[in-house]
Amino acid sequence: MHRIAVVAAHQVKSLELAIPGQVFGTAHSRDKPAGAVFGKPLYEIVICGERPDLAVVGRSGAELFRLTAPYGLDEVLAADTVIVPGMRTDREPTLEVLAILREAHARGARIASICCGAYLLAAAGLLDGRRATTHWTSAADFARRFPQVEVDPTVLFVDGGDVLTSAGAATGLDLCIHMVRNDFGAAVAAEVARHIVIAPQRDGGQAQFIVHQEPAADSGSLEPTMRWLRDHVDQPLTLPDIARQAAMSPRTLNRRFREQTGTTPLQWLLTQRVRHAQELLETSDLPVEDIARHCGFGTAVNLRQHFTRRLRMSPQAYRRSFQLR
């Protein structure tokens, strides 16, 4: 079982601390008895405290409650993945926490931060020469304190392979589900999202900044249009088709899609098609040609081209890898 260690530093942020347990604790095998809600758990999650009496704080930094973690920092070294939630950034992390992060990384653990947890990774030297992100309100301060890190405040998360960083607290959900997808495939990740009752996973490159316009008769969320696109992912849709469904001009549709998702309608639709293909490759024995038609690619050649460009492996290689899992 994949072991997740969550590092609870003194004055850890409450929401960031809870997110890994919620996401990874919901990930179960899809092979389950008839009528069962969950199959076998795929992750073991341990909370590792810096000290016996931990202060847990809210967004403002005010203390909410005290926590005694069930494990000490030494358990971090036995983990496959280490998650570092945010803590108050006006206090320096202890040398003990920084040393344990360096050693875990040197031993080959995957390290990920949520929100201002990136400060701990940077202080430990794990982000030197790397691209990383943190909450947009902290980006300028982060860049000043850690000039050796390339800070990108415009994305939801950055996957550097062995070290990952996410922007705000809620983007920790996106990052954790992204890691579940990498570990066990699209079908398991989609099931986690359904159980937590959150929208399908947002891409790491999506913008942090979402324009919230004042409600009006001709504006609002694009969620109904996105839902319609997911329901019609098998059809050869064009930008005018989508604009007609959304009851707006193609130019307005493009602008609002960029405001709310950071990408264009057709690029967003392409992402949904690739994800649907991932699920079908994992959960069915359909030939690639049939999957291409089900996902709106038309031909197996188109599917292979877009799939390989996005995931850096062919559909056949993806099926061999994730059907075994």
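Presented here is an overview of the structure given in this document.

Topic: the side chain of Asp152
(1) Moving on: You can see Asp152 is positioned in the loop between strand 10 (150-151) and strand 11 (157-159).
(2) Moving on: The class for Asp152 is buried, based on a relative accessible area of 15%.
(3) Moving on: A polar atom in the side chain of Asp152 sits 3.0 Å from the side chain of Arg131.

Here we look at the packing of helix 10 (residues 265-283) against helix 12 (residues 300-311)
(1) Moving on: Where helix 10 contacts helix 12, the axes come no closer than 10 Å and their chain directions differ by 95 degrees. As far as their axial angle goes, helix 12 and helix 10 are roughly perpendicular. Contact residues: helix 10 offers Gln267, Leu270, Thr271, Val274, Ala277, Gln278 and Leu281, while helix 12 offers Leu303, His306, Phe307, Arg310 and Leu311.
(2) Moving on: Broken down by class, the residue content of the contact of helix 10 with helix 12 amounts to 7 nonpolar, 4 polar and 1 charged.

Some details on the pattern of salt bridges
(1) Moving on: According to the stated counting rule, one finds 21 salt bridges in the structure shown.
(2) Moving on: A salt bridge links Glu223 to Arg227, with the nearest nitrogen and oxygen atoms 3.6 Å apart. Here Arg227 and Glu223 lie together in helix 7 (residues 223-231), a separation of 4 residues that amounts to about one turn.
(3) Moving on: Judged by its relative accessible area of 42%, Arg227 is partly exposed.
(4) Moving on: With a shortest N-O distance of 2.1 Å, Arg293 and Asp290 are connected by a salt bridge. Taken as a pair, Arg293 and Asp290 lie in helix 11 (residues 288-294) at a separation of 3 residues, close to a single helical turn.
(5) Moving on: Through salt bridges with shared partners, one network takes in Glu92, Asp141, Arg144 and Arg145.

So, the sheet that holds strand 11
(1) Moving on: Strands sit in the order 6-3-1-7-8-12-11 across an open sheet of 7 strands; the sheet is mixed. A strand with exactly one partner marks an edge of an open sheet, and here the two such strands are strand 6 (71-72) and strand 11.
(2) Moving on: Pairing analysis gives 3 bridges linking strand 8 (residues 110-113) to strand 12 (residues 163-166), with the strands arranged parallel. The partner of Ala112 across the bridge, within strand 12, is Leu164.
(3) Moving on: Where helix 5 (residues 171-184) meets the sheet, it contacts strand 1 (2-8), strand 3 (43-49), strand 7 (81-84), strand 8, strand 11 and strand 12, and its direction lies at approximately 145 degrees from that of strand 12.

How each quantity is defined
Residues numbered from 1 in each chain as written. Predicted model: local features only at pLDDT ≥ 70, side-chain atom pairs only at ≥ 80, totals over all residues. Heavy atoms only, no water. Helix = DSSP H or I, 4+ residues; strand = E, 2+ residues; numbered from the N terminus. Buried < 20%, exposed > 50% of the residue type's maximum accessible area, 1.4 Å probe, protein only. Polar contact = N/O pair within 3.5 Å; in protein donor to acceptor, adjacent residues only side chain to side chain. Axes fitted to C-alpha atoms, helices over the stretch in contact; angles between N-to-C directions. Parallel < 35°, antiparallel > 145°, perpendicular 65-115°, else oblique. Contact = heavy atoms within 4.5 Å. Nonpolar A, V, L, I, M, F, W, Y, C, P; charged D, E, K, R; others polar. Salt bridge = Lys/Arg side-chain N within 4 Å of Asp/Glu carboxyl O. Pairing = 2+ DSSP bridges.

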